[in-house]
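# Residue-level structural notes
What follows is the residue order along each chain.
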Amino acid sequence: MTISERIFERLGQLSMTQKEFAEKAGIQQSTISEWKKNKTNPASDKILAICKALDVSPEWLLSGVDPAAGRGKTQEYYVVDINTDIGKLIVEFNKLDRSQRARLFGYMEAIASMKEK
């Protein structure tokens, strides 16, 4: 099954229209129609938005393997919305130099050890 076939299968499972999906994913409805009409796959820059809109993992979208079903490798990454607290932390973390990051990790370890007591 192709990526676009998985997208349209998932839309059916969610009873979501192409218009609703387009709005939720921030993708032109005409682009989505082209995937279906020409049996083509989305560009790589659309994958994370598609996953978020369809509530699926990139692994499932790209391969059809569902880690939750006990198949495939354990997920070793997170898909994070940049507008959440965690997303904002990552943005700020990426602005730090190496020594600032090390210091921050030291603070986190100290806080975590206080929690254990």
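Predicted model only: the values in this text are computed from it and were never measured.

## As for the layout of surface pockets
As a volume, the largest pocket reaches approximately 150 Å³. For the lining of the largest pocket, a count of residues per class yields six nonpolar, no polar and three charged.

## What to know about the nonpolar core
Most often, soluble globular proteins keep nonpolar side chains buried together rather than apart. If you look at the biggest cluster of nonpolar residues, it comprises 19 residues, and the most contacted ones within it are Ile 7, Phe 21, Trp 35, Ile 50, Leu 54 and Leu 61. Of all elements in the fold, only α1 (3-14), α2 (18-25), α3 (29-38), α4 (47-54) and α5 (58-63) reach the threshold of two or more residues within this core. Ranked by residue count, the leading element in this core is α4, at five residues.

## So, the environment of Leu 14
Tracing the chain through its elements places Leu 14 in helix α1. In this structure the C-alpha to C-alpha distance between Leu 14 and Leu 54, which are 40 residues apart in sequence, comes to 8.0 Å.

## Regarding the environment of Glu 23
Residue position: Glu 23 is located in helix α2. Of the residues examined, Glu 23 reaches a relative accessible area of 58% and is grouped as exposed. The sequence separation of Glu 23 and Ala 53 amounts to 30 residues, and the corresponding C-alpha distance is 9.0 Å.

## Some remarks on the confidence of the model for the protein
With 90% of its residues at a pLDDT of 70 or more, the protein has an overall mean of 87. When mean pLDDT is compared element by element in the protein, α2 scores highest at 94, while α5 scores lowest at 87.

## A word on the packing of aromatic side chains
In total, this model carries one aromatic pair according to the counting rule given. Aromatic side chains Phe 93 and Phe 105 sit 5.7 Å apart centroid to centroid with 75° between the ring planes, which places their arrangement in the edge-to-face category. Note that Phe 93 is positioned in helix α6 (residues 85-93) and Phe 105 in helix α7 (residues 98-116), a separation of twelve residues in sequence. By relative accessible area, Phe 105 is classed as partly exposed at 40%.

## With respect to a nonpolar patch on the surface
A grouping of Leu 104, Phe 105, Tyr 107, Met 108 and Ile 111 is seen on the molecular surface, where their side chains present a nonpolar patch of about 480 Å² in accessible area. Looking at where Leu 104 falls in the secondary structure, it is placed in helix α7.

Thresholds applied
- Residues numbered from 1 in each chain as written.
- Predicted model: local features only at pLDDT ≥ 70, side-chain atom pairs only at ≥ 80, totals over all residues.
- Heavy atoms only, no water.
- 1 Å grid on protein atoms, 1.4 Å probe; cavity = no way out; pocket = protein on both sides within 12 Å on 5 of 7 lines; lining within 4 Å.
- Points joined across faces, edges and corners; volume = space filled by probe spheres on them.
- Nonpolar A, V, L, I, M, F, W, Y, C, P; charged D, E, K, R; others polar.
- Core = buried A, V, L, I, M, F, W, Y, C linked by side-chain atoms within 4.5 Å.
- Buried < 20%, exposed > 50% of the residue type's maximum accessible area, 1.4 Å probe, protein only.
- Helix = DSSP H or I, 4+ residues; strand = E, 2+ residues; numbered from the N terminus.
- pLDDT = per-residue confidence, 0-100.
- Phe/Tyr/Trp six-rings, centres within 6.5 Å; stacked < 30°, edge-to-face > 60°.
- Patch = residues over 30% accessible without salt bridge, like charges linked within 9 Å, V, L, I, M, F, W, Y side chains within 5 Å.
- Areas by Shrake-Rupley, 256 points an atom, 1.4 Å probe, with all protein chains shown as cover.
- Salt bridge = Lys/Arg side-chain N within 4 Å of Asp/Glu carboxyl O.

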